[in-house]
Amino acid sequence: MRDVPDILCIGSVLWDIIGRADTAMRQGSDMPGRITRLPGGVALNIAMALARFGMSPALISAVGRDTQGDELIAACILRGLNTDYIYRSDDLPTDRYMAVEGANGLIAAIADAHSLEAAGDKILRPLADGTLPGPYHGAVALDGNLTLELLSIMAHSPLLAQADLRVAPASPGKALRLVPFLQASRGTLYVNLEEAALLCQTEFGDSRTAARALLDRGAVRAVVTDGGNCATMAMTDRLVTQSPPSVTVARITGAGDTFMAAHIAAELHGADPEAALAQALTAAAQYVSGETKI
């Protein structure tokens, strides 16, 4: 019998192709820099960070049976991640994400997660067929690269009714896919200020106001970040707001996933709300400064 993992990470598992220049960039810039290919995707980024924080995560996603897919699975195993539950497709290619970053931040990005979307509920077979114990009672990190239909099913599914759901939209463009979790009052939502504004259909000046508004919209718990500004963790009886450490930014892609993973790990290890938020902000700061190896 397989060991039950500490946490399931459900969502995108793909290759990150990142081009970064050390100078500021704008639309149309053509700069020298470095291009890297690393294992990525929100679910995989969270899983890798959780492993660094001493946890044993398992991935639930779709990866093609192509050369890139085989290399990606091998890279996940090398990083200590459980890939036993990943759906391997014979006819869908392995997904990719491409981003361009400058010294002034993210310039542009394209997420090609069409294979994950096309796989649909096939990725949930381990939860439905008894491979994983059900209904699942453990922690689940879930990202918005899944379709709205599948996320809606998961927000109401008896298979996950007892799970500790932690949900992130993956990008502002997919923020509205989290609406089913507001409607069902399920899970902890991890969003940035822009994503919170999209979910609440209004602009916010700070994370505290945004977090409170998400509770009013139906969220059970919400964690709102705002780059280098204050972040807020909100629940029905309490709001905790803290400032992140000030660091020089060396990279951006994956910072939000690192923050989310650090917060989850801290809470599952027993940290109180203040300590959990502080640990998450510190971990994210170390990541963007380049101190954290990936």
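Procedures and definitions
Residues numbered from 1 in each chain as written. Predicted model: local features only at pLDDT ≥ 70, side-chain atom pairs only at ≥ 80, totals over all residues. Heavy atoms only, no water. Helix = DSSP H or I, 4+ residues; strand = E, 2+ residues; numbered from the N terminus. Polar contact = N/O pair within 3.5 Å; in protein donor to acceptor, adjacent residues only side chain to side chain. Contact = heavy atoms within 4.5 Å. Buried < 20%, exposed > 50% of the residue type's maximum accessible area, 1.4 Å probe, protein only. Core = buried A, V, L, I, M, F, W, Y, C linked by side-chain atoms within 4.5 Å. Pairing = 2+ DSSP bridges. Axes fitted to C-alpha atoms, helices over the stretch in contact; angles between N-to-C directions. Salt bridge = Lys/Arg side-chain N within 4 Å of Asp/Glu carboxyl O.

Engineer: What should I look at first to understand the side chain of T94 in this one?
Structural biologist: Inspection of the secondary structure puts T94 in the loop between β6 (87–89) and β7 (96–102). Within polar-contact distance, the side chain of T94 engages the backbone nitrogen of G64 at 3.2 Å. There is a polar contact of 2.6 Å between the side chain of T94 and the side chain of D66. The contacts of T94, once residues within four sequence positions are left out, are W15, V63, G64, D66, Q68, G69 and L72.

Engineer: In this structure, what is going on with helix α1 (residues 42–52)? I would like to understand it.
Structural biologist: Residues spaced three or four apart along an α-helix point in a common direction, a consequence of the helix completing one turn every 3.6 residues. Burial runs high along α1: nine of the eleven residues are buried. Along α1, the residues that are buried comprise V42, A43, L44, N45, I46, A47, M48, A49 and L50. Of the residues trailing α1, G54 is marked for its positive phi of about 90°.

Engineer: Even after reading the chapter, I still don't get the nonpolar core, so can you show me in this structure?
Structural biologist: Across soluble globular proteins, nonpolar side chains have a tendency to be buried as a group. Judged by nonpolar contacts, the single largest core of 45 residues is most densely connected at L8, I10, I123, L146 and L214. In this structure I10 touches A43, I60, I123, L124, L127, V140, A141, L142, D143, L146 and M154, once residues within four positions along its chain are discounted.

Engineer: What exactly am I supposed to notice about the side chain of Q242 here?
Structural biologist: Mapped onto the fold, Q242 is located in strand β14 (residues 238–242). Dropping the residues within four chain positions of it, Q242 is found in contact with C230, A231, E274, L277, A278 and L281.

Engineer: Help me understand the sheet that holds strand β1 (residues 7–10) in this model?
Structural biologist: The strands making up a sheet are joined through hydrogen bonds of the backbone, oriented either antiparallel or parallel. Ordered by their spatial adjacency, eight strands build an open sheet running β4-β1-β9-β10-β11-β12-β13-β14, and the pairing between neighbours is mixed. Of all strands in the sheet, those bounded by a partner on one side alone are β4 (57–60) and β14. Direction aside, the axes of adjacent strands within the sheet are offset by 15° on average. In this sheet, strand β9 (residues 139–143) lies alongside β1 in parallel orientation, the contact comprising four bridges.

Engineer: Help me understand the pattern of salt bridges, please; the structure alone is not making it clear to me.
Structural biologist: Considering all chains together, one arrives at nine salt bridges under this definition. Residue R65 is joined to D90 by a salt bridge in which the shortest nitrogen-to-oxygen separation is 3.3 Å. Placement of R65 in the loop between β5 (62–64) and α2 (67–78) and of D90 in the loop between β6 and β7 is noted, with a sequence separation of 25 residues between them. D90 sits in the exposed class, given a relative accessible area of 68%. R177 serves as the salt-bridge partner of E117, at 3.3 Å between the closest nitrogen and oxygen. In this pair, E117 sits in helix α3 (residues 114–119) while R177 sits in the loop between β10 (164–168) and α6 (179–183), placing the two residues 60 residues apart along the sequence. Through salt bridges with shared partners, a single ionic network connects D164, R166, R221 and E267.

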